[in-house]
Amino acid sequence: MSDNKGPNFLEEIVANDLKTGKYKSIVTRFPPEPNGYLHIGHAKSICLNFGLSQEFGGYTNLRFDDTNPTTEDTEYVQSIKNDIRWLGFNWQHELYASDYFQQLYDWAVVLIRKGLAYVDDSTSEEIAAQKGTPTRSGTNSPFRDRSVEENLRLFQEMKEGKYRDGEKVLRAKIDMAHQNMHMRDPLMYRIKHAHHHRTGDTWCVYPMYDFAHGQSDAIENVTHSICTLEFIPHRDLYYWFIEQLGIFPSQQYEFARLNLSYTVMSKRKLLQLVNGRYVSGWDDPRMPTISALRRRGYTPESIRDFCERIGVARRENLIDVGLLEFSVRDHLNKVAQRRMVVLDPLKVVLTNYPEGEVEMLPGEDNPEDANSGSRDIPFSRELYIEQEDFMENAPKKFFRLAPGQMVRLKHAYIIKCEEVVKDAQGNITELHCTYVPESRSGSDTSGINVKGTLHWVSAAQALPIEVRLYDRLFMHEDVADAEGDFKEHLNPDSLQVIETAYAEPALKEATLEERYQFLRKGYFTLDPDSTADKLVFNRTVGLRDMWAKESKK
RNA sequence: UGACCUAUGGUGUAACUGGCAACACGUCUGAUUUUGGUUCAGAAGAGUCUAGGUUCGAGCCCUAGUAGGUCAACCA
């Protein structure tokens, strides 16, 4: 998984299990519940599960943990499958916990017969009270000692729909005084007269997570069942059911989930952002979901690289988004087509350049890729440069345009600022410059050396586009740790829309698949909101900006 | 007040299972550069939560603390 880092603890376990002959090949699974979209935290789990089986020879199943019909939907099934494929992984079998409903029911009957499960008429409040507290042991339900026959009959009737939701449950008979709360007669089945996205109305009793997950793993011969830390207390129960049933002994291992700075990672909170319209949807580019990252312009390669860099361990962590940004920049630098776009225009008139003339200047598509081609960029008397690339009273370290100063226009000529034109209010409206005819890129005989190079666009040929810039969704680094409701910490400036930016004409050809680097401005990708009349680009991430750092000093 | 999990530079992970703490990101220098990008060279930054113990030797083992996290949904 990692080259210059030692193996993570799971790789060690798997390697050892293979070495000792405990298994001759391994099976893992990725078990999402189809009740929301996948996020970057799931990506960590996906890379881990699929990565392990790839590394050690084996396979990974995709299994939907769909035991709660009231929250699940096929819309989510589709998006989950789509995201996993996009990330670059292929599952061996597409499975559903609901495929095992009959088997699970039969196993429940087995446990009843063994006297290890009983039907309880207690209300959910009563059951909660019976559980006791972490420091005080629980008490037995008054229905705990029903006969096997009665339990069998009652459970059968539950399944037949004779009872209303919540009227009865099936519980495992373990130990109400157990140190582990999860072992205090946990619920196995509850009644839900609800339509299931796959089994329709054939069932009105549904198994709980604990009575479905381990058995599903066992059915699939999953050797290493990997989950997050909060399932540690479930492990006893996981093994208890497997043992009592005498089925394939899958082993559960836990790792610490991913936490990313300046964002939230729980489906519950993400759902609130979507439903409360704080964002435009699950794929709003500011979201940490896979679909949002994709829309934002992240590549599968960069996400996989990120997951590899962060490692896998058992301690709580909060990873700096900066690391994710490093991974995208690293990949995009190698594949992005370079283009020039002026986001905040300032007009420049080259007073010594012939009026009406347009020359086409070649610009390489990607200096990092020897096989990439080049496109022609129109150059003329009137251009746009970036507002921030000019300063009337520039500090000594400002290597850009200033009165009397010279800069290189990328792929074009060296120009000199001769005059600053202002309106009645004193606002700068345009710059009058002269260009150095012998300084043309590729055939520069001027002998002039300049410190700065600017991007630019020819005014007459400029393509107006919309550009969307994103900042972190939350203002607090550790959102979960911040005071009050998490929504209070939303960053009001997380989205900045530039209705009209000027792009070089080649961008007309942009596609959804292609990644671009707008020179000196960052990496961008076309947004699906684009129409034939108006192209919309999302900024995936900005370039590293040493000047921003320098100018802050 | 119980049980369980965790504790290594700013962040995240390593350390051949007891042999003088490494890698990545970040930070700071400098070089190169027609992107203040990339690339390259280099530097600073922890003595491994604390206190004991075992040992020739401990980040790794033991004990006791401390700190953080998890567990009392008919959610997963």
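Residues numbered from 1 in each chain as written. Chains lettered and ligands numbered in written order. Predicted model: local features only at pLDDT ≥ 70, side-chain atom pairs only at ≥ 80, totals over all residues. Heavy atoms only, no water.

1. Description of the protein's contact with RNA strand B
So, step 1. Near RNA strand B lie 69 residues; those nearest to it are E12, R315, R338, S441 and K549.
So, step 2. Of what RNA strand B places within 4 Å of the protein, 61% of the atoms are sugar or phosphate.
So, step 3. Taking E316, its side chain carries an N or O atom lying 3.0 Å from a sugar or linking oxygen of RNA strand B.
So, step 4. Between RNA strand B and K397 there is a distance of 2.9 Å, counted from a base nitrogen to a backbone nitrogen or oxygen.
So, step 5. In terms of residue class, the surface near RNA strand B is built from 24 nonpolar, 21 polar and 24 charged. (Near = heavy atom within 4 Å. Polar contact = N/O pair within 3.5 Å; in protein donor to acceptor, adjacent residues only side chain to side chain. Nonpolar A, V, L, I, M, F, W, Y, C, P; charged D, E, K, R; others polar.)

2. So, the environment of D545
So, step 1. Take D545: it is sitting in the loop between β25 (536–541) and α13 (546–552).
So, step 2. Its relative accessible area of 41% is what places D545 among the partly exposed residues.
So, step 3. Sequence separation between D545 and P142 is 403 residues, and the spatial gap between their C-alpha atoms is 69 Å.
So, step 4. Reaching out from D545, the side chain makes a polar contact with the backbone nitrogen of A548 at a distance of 3.0 Å. (Helix = DSSP H or I, 4+ residues; strand = E, 2+ residues; numbered from the N terminus. Buried < 20%, exposed > 50% of the residue type's maximum accessible area, 1.4 Å probe, protein only.)

3. Re the domain arrangement of chain A
So, step 1. Taken domain by domain, chain A consists of domain 1 (9–255), domain 2 (267–337 + 465–552) and domain 3 (341–455).
So, step 2. Spacing between the C-alpha centres of domain 2 and domain 3 amounts to 29 Å.
So, step 3. In this complex, domain 2 contributes 22 residues to the contact, which on the side of domain 3 involves 22 residues.
So, step 4. Summed over both partners, the interface of domain 2 with domain 3 buries about 1900 Å², with 57% contributed by carbon and sulfur atoms.
So, step 5. It is Y502, R520 and W547 in domain 2 that bury the most area against domain 3; as a group they hold 34% of the surface buried on that side.
So, step 6. With its nearest N and O atoms 3.0 Å apart, the salt bridge here joins K397 to E550.
So, step 7. At the level of secondary structure, the elements contributing two or more residues to the side of domain 2 that touches domain 3 comprise α12 (321–335), β21 (463–470), β22 (495–503) and α13. (Domains from an automatic or database assignment. Contact = heavy atoms within 4.5 Å. Buried area = accessible area lost by both parts, 1.4 Å probe. Salt bridge = Lys/Arg side-chain N within 4 Å of Asp/Glu carboxyl O.)

4. A short note on the sheet that holds strand β19 (residues 453–454)
So, step 1. Strand order in the open sheet formed by seven strands is β19-β16-β17-β18-β12-β15-β20, with mixed pairing between adjacent strands. Only two strands of the sheet have a single neighbouring strand rather than two, namely β19 and β20 (457–458).
So, step 2. Sheet analysis places strand β16 (residues 406–409) next to β19, joined by two bridges and oriented parallel. Bridge pairing links R408 to T453 in β19. (Pairing = 2+ DSSP bridges.)

5. Considering the environment of V358
So, step 1. With respect to the helices and strands, the residue V358 is situated in the loop between β12 (345–350) and β13 (359–364).
So, step 2. The spatial distance from the C-alpha of V358 to the C-alpha of P378 is 6.2 Å, given a sequence separation of 20 residues.
So, step 3. Residues within four places of V358 in sequence aside, it is in contact with P378, F379, S380 and Q461.

6. A short note on the pattern of salt bridges
So, step 1. Considering all chains together, one arrives at 38 salt bridges under this definition.
So, step 2. Its salt-bridge partner being K173, residue D145 comes within 3.7 Å of it at the nearest N-O pair. In this pair, D145 sits in the loop between α5 (124–130) and α6 (148–160) while K173 sits in the loop between β5 (169–172) and β6 (187–191), placing the two residues 28 residues apart along the sequence.
So, step 3. Classification of K173 as partly exposed rests on a relative accessible area of 22%.
So, step 4. Through salt bridges that share partners, D283, R295, E466, R468, D527 and D529 make up one connected network.

7. Remarks on the packing of helix α11 (residues 300–310) against α12
So, step 1. Packing of α11 against α12 brings their axes to within 8 Å, and their N-to-C directions diverge by 135°. Taken together, α11 and α12 sit at an angle that is classed as oblique. At the point where α11 passes α12, the crossing takes the right-handed sense. Contact residues: E301, S302, D305, F306, R309 and I310 in α11; L323, L324, F326, S327, V328, D330 and H331 in α12.
So, step 2. Across the contact of α11 with α12, the residue classes break down as six nonpolar, three polar and four charged. (Axes fitted to C-alpha atoms, helices over the stretch in contact; angles between N-to-C directions. Parallel < 35°, antiparallel > 145°, perpendicular 65-115°, else oblique. Left-handed = near helix turned anticlockwise from the far one by under 90°.)

8. Here's the deal with the packing of aromatic side chains
What characterises a pair of aromatic rings is the spacing of the ring centres plus the angle enclosed by the ring planes.
So, step 1. Taken as a whole and assessed by the stated rule, the structure comprises 25 aromatic pairs.
So, step 2. Pairing F64 with Y96 gives two aromatic rings, centres 5.0 Å apart and planes at 20°, and the pair type is stacked. Taken together, the residues F64 in strand β2 (residues 58–64) and Y96 in strand β3 (residues 94–96) connect sequence positions 32 residues apart. Per residue, the accessibility class of F64 equals that of Y96, and both read buried.
So, step 3. Here the aromatic rings of Y516 and F537 are separated by 6.1 Å at their centres, their planes lie at 85°, and the arrangement is edge-to-face. Residue Y516 is located in strand β23 (residues 515–518), and its partner F537 is located in strand β25; the two are separated by 21 residues in the primary sequence.
So, step 4. For F537, a relative accessible area of 0% gives the class buried.
So, step 5. The ring of Y105 carries the charged tip of K159 above its face, separated from the ring centre by 4.7 Å.
So, step 6. Positioned over the ring face of Y262 is R472, at 4.0 Å from the centre of the ring. (Phe/Tyr/Trp six-rings, centres within 6.5 Å; stacked < 30°, edge-to-face > 60°. Lys NZ or Arg CZ within 6 Å of the ring centre and 35° of its normal.)

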